[in-house]
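Fold and geometry: a report
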Amino acid sequence: MAAPREPEVIRDKAAMRAWSRRRRAEGKTVAVVPTMGYLHRGHLSLVSAAAASADPVAVVVTIYVNPSQFAPTEDLATYPSDFAGDLRKLASTGVVDAVFSPADLYDRGTGRRAAASGGAVSCLEEEAGDGHETWVRVERLEKGLCGASRPVFFRGVATIVSKLFNIIEPDVAVFGKKDYQQWRVICRMVRDLDFAIEVIGSEIVRETDGLAMSSRNVHLSREEREKALSISRSLVDARTAALNGNTDCEQIKNKIVQTMTENGGQVDYVEIVEQESLVPVEKMDGPVVICVAAWFGKVRLIDNIEIDTRS
Ligand SMILES: Nc1ncnc2c1ncn2[C@@H]1O[C@H](COP(=O)(O)OP(=O)(O)OP(=O)(O)O)[C@@H](O)[C@H]1O
Ligand SMILES: CC(C)(CO)[C@@H](O)C(=O)[O-]
Ligand code: BAL
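The protein appears in an unreviewed UniProt entry as Pantoate--beta-alanine ligase from Oryza brachyantha. Reading the Pathway (unreviewed entry) entry of the UniProt record for the protein gives the comment "Cofactor biosynthesis; (R)-pantothenate biosynthesis; (R)-pantothenate from (R)-pantoate and beta-alanine: step 1/1."

Dropping the structure here:
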């Protein structure tokens, strides 16, 4: 493991761009890990993937809770944060060169709507855009799964990730497969908009009992956390069943819904889709991924498992 090293903290986008360009001029590959902070080992695994992506490499972690991906009814106000703790964790890896954590990346405008909201908008609505009105949409991929219940989510993600890419100008960007649809949306955006960036999808990091690590887990009570283990357990059982020949998606989905519901979860969706296109399938006869989202208490958790019955 590398010796601990304090990353440089950058708040300003012009300074970030200049920093990145200097690293490129030195012959380094710039690798970025976009996050919303409150870091855990899942995030640190993305940092390791970024550090391993090239040599020499300059690793940038972004910490920014992007308001435009939260609908007004969602949890922007209670999203956890611990900037000092995040810096300590990143320093302990010894491989992070810079942390980009701007106060705000949106121009809130000066018009009537901006004044009425005091600039404290959770979701920057299209019609409120006297300061910001350009959005990136990945039109088909953004619609199903999480897109169905989080209507502004992928528009916000694709837009902020584009902004981060334009500011940092990275060669490599690392995303977690825990947010499977997000990773696919970004891959598609990079392809369609000709960003010269290699996107790495990094495997899900789990607690020893199987729960996928997530910043929002901190809001689970002990009891809710115990019940939420039904998510990863039902996914593992589904994979075992599929590898043993039960490839009927309807049956498998029903079983997962039943298991989570019996454990007090309120299921948002359970879908079995092709890994790249995210198109739903009826039989698991190629590379698929089972994606789930469910509420345990006030916390909406997502998880998934990749399955290829041919391998
Ligand atoms: N358990 C995990 N394993 C691998 N990657 C992860 C894991 N959790 C988060 N990531 C990745 O870290 C990046 C930043 O995610 P984010 O900061 O939203 O953390 P999070 O834990 O997913 O938070 P949330 O509770 O909002 O889902 C994303 O690319 C996400 O997929
Ligand atoms: C990619 C991201 C940093 C964009 O705000 C966020 O959606 C996340 O943390 O997964
Ligand atoms: N991990 C994706 C960020 C979000 O849920 O808002």
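Moving on, there is more to tell.
Once that is clear, we can look at the site of ligand 1. Surrounding ligand 1, one finds 20 residues, the nearest of these being Y79, K178, D179, S214 and R216. Within the backbone of G176, a nitrogen or oxygen atom sits 2.9 Å from an oxygen atom of ligand 1. A distance of 2.6 Å separates an oxygen atom of ligand 1 from a polar side-chain atom of R216. Alone, ligand 1 offers 580 Å² of accessible surface; in the complex the protein occludes 96% of this. Every element with two or more residues in the shell around ligand 1 is listed here: β2 (29-35), α2 (41-51) and β5 (172-176). Counting residues per element, the shell around ligand 1 draws most heavily on α2, at 3 residues. When its residues are assigned to classes, the shell around ligand 1 shows 8 nonpolar, 8 polar and 4 charged.

Surrounding ligand 2, one finds P34, T35, M36, N66, Q69, V157, I160, F175 and Q182. At a separation of 2.7 Å, an oxygen atom of ligand 2 approaches a polar side-chain atom of Q69. Residue Q182 places a side-chain N or O atom 2.7 Å away from an oxygen atom belonging to ligand 2. In isolation ligand 2 exposes 290 Å². Once the protein is present, 90% of that is buried. Mapped by element, the contributors of at least two residues to the shell around ligand 2 are β2 and α6 (153-168). For the shell around ligand 2, the per-class residue count stands at 5 nonpolar, 4 polar and no charged.

This part covers the sheet that holds β2. Whenever strands of a sheet pair, they do so through backbone hydrogen bonds, lying parallel or antiparallel. As summarised here, the arrangement of the 6 strands in space is β1-β4-β3-β2-β5-β6, forming an open sheet in which the pairing is parallel. Both edges of this open sheet fall to β1 (8-10) and β6 (198-202), since each of them pairs with a single strand only. Geometrically, the sheet is characterised by an average inter-axis angle of 25° between neighbouring strands, direction not taken into account. One ladder, built from 7 bridges, connects β2 with strand β3 (residues 57-63); its direction is parallel. By the bridge assignment for β3, V30 is matched with A58. Each of β5 and β6 touches helix α7 (residues 180-192); the most contacted strand, β6, lies at about 170° to it.

Right, let's get into helix α3 (residues 83-93). G85, D86, L87, L90, A91 and T93 are the residues of α3 that are buried. Its buried side turned inward, α3 meets β1, α2, β3 and β4 (98-100). Where α3 terminates, the next one or two residues include G94, which has phi positive at roughly 70°.

Scanning the model with the defined rule gives 0 disulfides in all. Between C146, a free cysteine, and C291, which holds the nearest cysteine sulfur, the sulfur-to-sulfur gap is 7.9 Å.

A few words on the pattern of salt bridges. Taken as a whole and assessed by the stated rule, the structure comprises 20 salt bridges. Here R5 ties to D97 by a salt bridge, and the two come within 2.7 Å at their closest N and O atoms. One end of the pair, R5, is in the segment before β1; the other, D97, is in the loop between α3 and β4, and 92 residues separate them in sequence. Residues joined in a network through salt bridges with shared partners are R23, E26 and K28.

A separate point is the packing of α6 against α7. Between α6 and α7, the shortest axis-to-axis distance is 10 Å and the interhelical angle comes to 55°. Relative to α7, the element α6 is oriented oblique. In terms of crossing hand, the pair formed by α6 and α7 is right-handed. For the pair α6 and α7, the contacting residues are F153, F154, V157, A158, V161, S162 and F165 in the first and Q181, Q182, V185, I186, M189 and V190 in the second. Tallied by class, the residues present in the contact of α6 with α7 amount to 10 nonpolar, 3 polar and no charged.

Here 3 strands make up an open sheet; going across it, the order is β7-β8-β9 and the pairing antiparallel. A strand with exactly one partner marks an edge of an open sheet, and here the two such strands are β7 (266-274) and β9 (299-308). Strand after strand, the sheet turns through a mean of 10° between neighbouring axes, direction not considered. Across the sheet, helix α8 (residues 222-243) is in contact with β8 (287-296) and β9; its angle to β9 comes to roughly 15°. Each of β7 and β8 is contacted by helix α9 (residues 249-262), which is oriented at about 155° to β7, the strand it contacts most.

The rules we used
Residues numbered from 1 in each chain as written. Chains lettered and ligands numbered in written order. Predicted model: local features only at pLDDT ≥ 70, side-chain atom pairs only at ≥ 80, totals over all residues. Heavy atoms only, no water. UniProt positions renumbered as here; feature names shortened; annotations may be inferred. Near = heavy atom within 4 Å. Polar contact = N/O pair within 3.5 Å; in protein donor to acceptor, adjacent residues only side chain to side chain. Areas by Shrake-Rupley, 256 points an atom, 1.4 Å probe, with all protein chains shown as cover. Helix = DSSP H or I, 4+ residues; strand = E, 2+ residues; numbered from the N terminus. Nonpolar A, V, L, I, M, F, W, Y, C, P; charged D, E, K, R; others polar. Pairing = 2+ DSSP bridges. Axes fitted to C-alpha atoms, helices over the stretch in contact; angles between N-to-C directions. Contact = heavy atoms within 4.5 Å. Buried < 20%, exposed > 50% of the residue type's maximum accessible area, 1.4 Å probe, protein only. Disulfide = S-S within 2.5 Å. Salt bridge = Lys/Arg side-chain N within 4 Å of Asp/Glu carboxyl O. Parallel < 35°, antiparallel > 145°, perpendicular 65-115°, else oblique. Left-handed = near helix turned anticlockwise from the far one by under 90°.

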